[in-house]
Structures are given as C-alpha cells and as structure tokens.
Amino acid sequence: IWSQYSMGPANLSRKQKTIVRLQDDLDKKEAEIRKGQRAVRKLDELERDIAALELKLVDLKRILPTEPELGDLLKWIKSLADQANLELKLFNPQPLAEGELLREQPIKMDVVGRYHQLGIFFDRISKHARIINVEGVTIGPNKDRSARDQTIGSSFTAKTFIFRDDPVVDGGDS
C-alpha cells in the first residue's frame, strides 16, 4: 500500500514536468492577454485618429469635392453677382479635363456692371472655401448701353477642381 501513495523519484519528476509545462502555458496565455490589452489600447487610439481624420476629410471635401456640384456653384455665383450688382450673362460649364489626381471643371462666364463691382465679385470668389481659379479675364466697355450703370463687360473662365476617387492607373492596351 505504501508504494501506491509514495512519492517516488519517477512520480515526482512527472509532476514537476507537468507543473513546468502548465506554468509555461500560463506564461504564454498571460503574454497573449498583455498583447491583447495593448492592442485594445491601440485600437482606442486608432479609433480616435480615424474620427479626427474623417472630420478633416469632410472639411477637405468642401475645398476639393468629389463631384462637380455645378447646381450649387451656379446658385452661389449668381448670388455673388447679385450682391456685387453685376449681371451674370453667361454661365457655361465646359467639359471636364482629367488629371492624375484631380479633374478640372472650367466654366466660361460673362458679367456686366461697373469696374469696382467686378473687383468685389472677384474678391469674394477668392474667399470661397472651394478652390476656384479665375483665368483669361478680359474687360471691355459694355456694348449694350441700355443700362447706364453697367459700364463694362467681362469674360473669364473660372476653374474649379474635383478630387478623383478613382486615380488614373497607367496600364497597357487591353
């Protein structure tokens, strides 16, 4: 009976190996838990970063939208022209010019009014949140003299820019 319950060297050695193996397993599991806890802390930080970047993206899309939004732009330009006492005679969107990262949307415009009013109009365009470049400005006398307060006419091209969600990929012939 004594030999069944005795802790002989062989039985003790097996139990020690089991304890060592179980301790190693426990250490590995604790290391995995610590690694998981670090990942959770990092995840919280990444989620905060993503939220901040999404807010920044919303702001950037106002400056550089992903769609032409010509209806809104026409309303805004017409409102600016009215505020500056200019008459918007032409608002003619041209075909999009494709670039690698951007699309250019040129819009030909003609306005009539006074020189100072035209300066106010261009100044207000320059302060818009969206990027708008005014190019090819020509100013001359207003040929339609029926309205005495409209002494000049101006033609120009306003270019807005649209961000490409689908960047151009160089590829061979299909």
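Residues numbered from 1 in each chain as written. Predicted model: local features only at pLDDT ≥ 70, side-chain atom pairs only at ≥ 80, totals over all residues. Heavy atoms only, no water.

**Q** Sorry if this is basic, but what is going on with helix H4 (residues 115-126) here?
**A** Residues lying three or four places apart along an α-helix face the same way, a consequence of the helix completing one turn every 3.6 residues. Over its twelve residues, H4 runs 17 Å from end to end, which matches the ideal 16 Å to within 8%, given 1.5 Å per residue. Check the buried side of H4 and you find it contacts helix H3 (70-83), strand E3 (102-113), strand E4 (132-141) and strand E5 (152-163). (Helix = DSSP H or I, 4+ residues; strand = E, 2+ residues; numbered from the N terminus. Expected span 1.5 Å × (residues − 1). Contact = heavy atoms within 4.5 Å.)

**Q** How should the nonpolar core be read in this particular structure?
**A** A general trend in soluble globular proteins is that nonpolar side chains are found buried together. Of all hydrophobic cores here, the largest spans 18 residues; its most connected members are Ile 77, Leu 86, Leu 88, Met 109 and Phe 121. Of all the elements in the fold, those that place two or more residues in this core are H3, strand E1 (87-93), E3, H4 and E5. Here this core takes four residues from H3, the largest share from any one element. Leu 86 has contacts with Ala 81, Val 111, Val 112, Gly 113, Arg 114, Gln 117, Leu 118 and Phe 121, leaving out every residue within four places of it along the chain. (Core = buried A, V, L, I, M, F, W, Y, C linked by side-chain atoms within 4.5 Å. Buried < 20%, exposed > 50% of the residue type's maximum accessible area, 1.4 Å probe, protein only.)

**Q** Just checking my understanding: could you explain a positive patch on the surface for this structure?
**A** On the surface, Arg 34, Lys 35, Arg 38 and Arg 41 cluster together to form a positively charged patch. With respect to the helices, strands and loops of the structure, Arg 34 is situated in helix H2 (residues 9-63). The class for Arg 34 is partly exposed, based on a relative accessible area of 43%. (Patch = residues over 30% accessible without salt bridge, like charges linked within 9 Å, V, L, I, M, F, W, Y side chains within 5 Å. Areas by Shrake-Rupley, 256 points an atom, 1.4 Å probe, with all protein chains shown as cover. Salt bridge = Lys/Arg side-chain N within 4 Å of Asp/Glu carboxyl O. Lys, Arg positive; Asp, Glu negative; His and termini not counted. Charge placed at Lys NZ, Arg CZ, Asp CG, Glu CD.)

**Q** What should I look at first to understand the packing of aromatic side chains in this one?
**A** Under the defined criterion, the tally for this structure stands at three aromatic pairs. Centre to centre, the rings of Phe 121 and Phe 156 are 6.3 Å apart; their planes meet at 55°, and the pair counts as tilted. Here Phe 121 is found in helix H4, whereas its partner Phe 156 is found in strand E5, with 35 residues between them in sequence. Accessibility classification places Phe 121 together with Phe 156 in one group, the buried group. (Phe/Tyr/Trp six-rings, centres within 6.5 Å; stacked < 30°, edge-to-face > 60°.)

**Q** Could you clarify how one ought to interpret unusual backbone geometry in this entry?
**A** Excluding glycine, residues mostly carry a negative phi; peptide bonds, for their part, are mostly trans. For Asn 85, which is not glycine, the phi torsion reads 60° and is therefore positive. Taking the relative accessible area as the measure of exposure, Asn 85 reaches 51% and is therefore exposed.

**Q** I keep staring at the pairing of E3 and nothing clicks. Help me out?
**A** A regular strand places its side chains so that they alternate between the two faces of the sheet. Relative to E3, E1 runs antiparallel, the two sharing six bridges. Opposite Phe 91, over in E3, you have Met 109 as the bridge partner. As paired strands, strand E2 (residues 97-98) and E3 are joined by two bridges and run antiparallel to one another. Across the sheet, residue Ala 97 finds its bridge partner in E3, namely Glu 104. Counting the residues between successive antiparallel strands, the hairpin from E2 to E3 contains three residues. Pairing analysis gives twelve bridges linking E3 to E5, with the strands arranged antiparallel. Bridging from a neighbouring strand, Glu 104 pairs with Phe 161 of E5. (Pairing = 2+ DSSP bridges.)

**Q** Which parts of the structure should I look at to understand the pattern of salt bridges?
**A** Pairing is possible between side chains of opposite charge, provided their charged atoms come close. Enumeration over the complete set of coordinates arrives at seven salt bridges. Measuring nitrogen to oxygen at the nearest pair gives 4.0 Å for the salt bridge that ties Arg 21 to Asp 25. Residue Arg 21 and its partner Asp 25 are both found in helix H2; the two are separated by four residues, about one turn of the helix. Here Asp 25 falls in the partly exposed class, since its relative accessible area comes to 34%. Residue Lys 159 is joined to Glu 135 by a salt bridge in which the shortest nitrogen-to-oxygen separation is 3.2 Å. Taken together, the residues Lys 159 in strand E5 and Glu 135 in strand E4 connect sequence positions 24 residues apart. Of the residues examined, Glu 135 reaches a relative accessible area of 33% and is grouped as partly exposed. In the salt-bridge network here, residues are joined through shared partners; they are Glu 104, Glu 135 and Lys 159.

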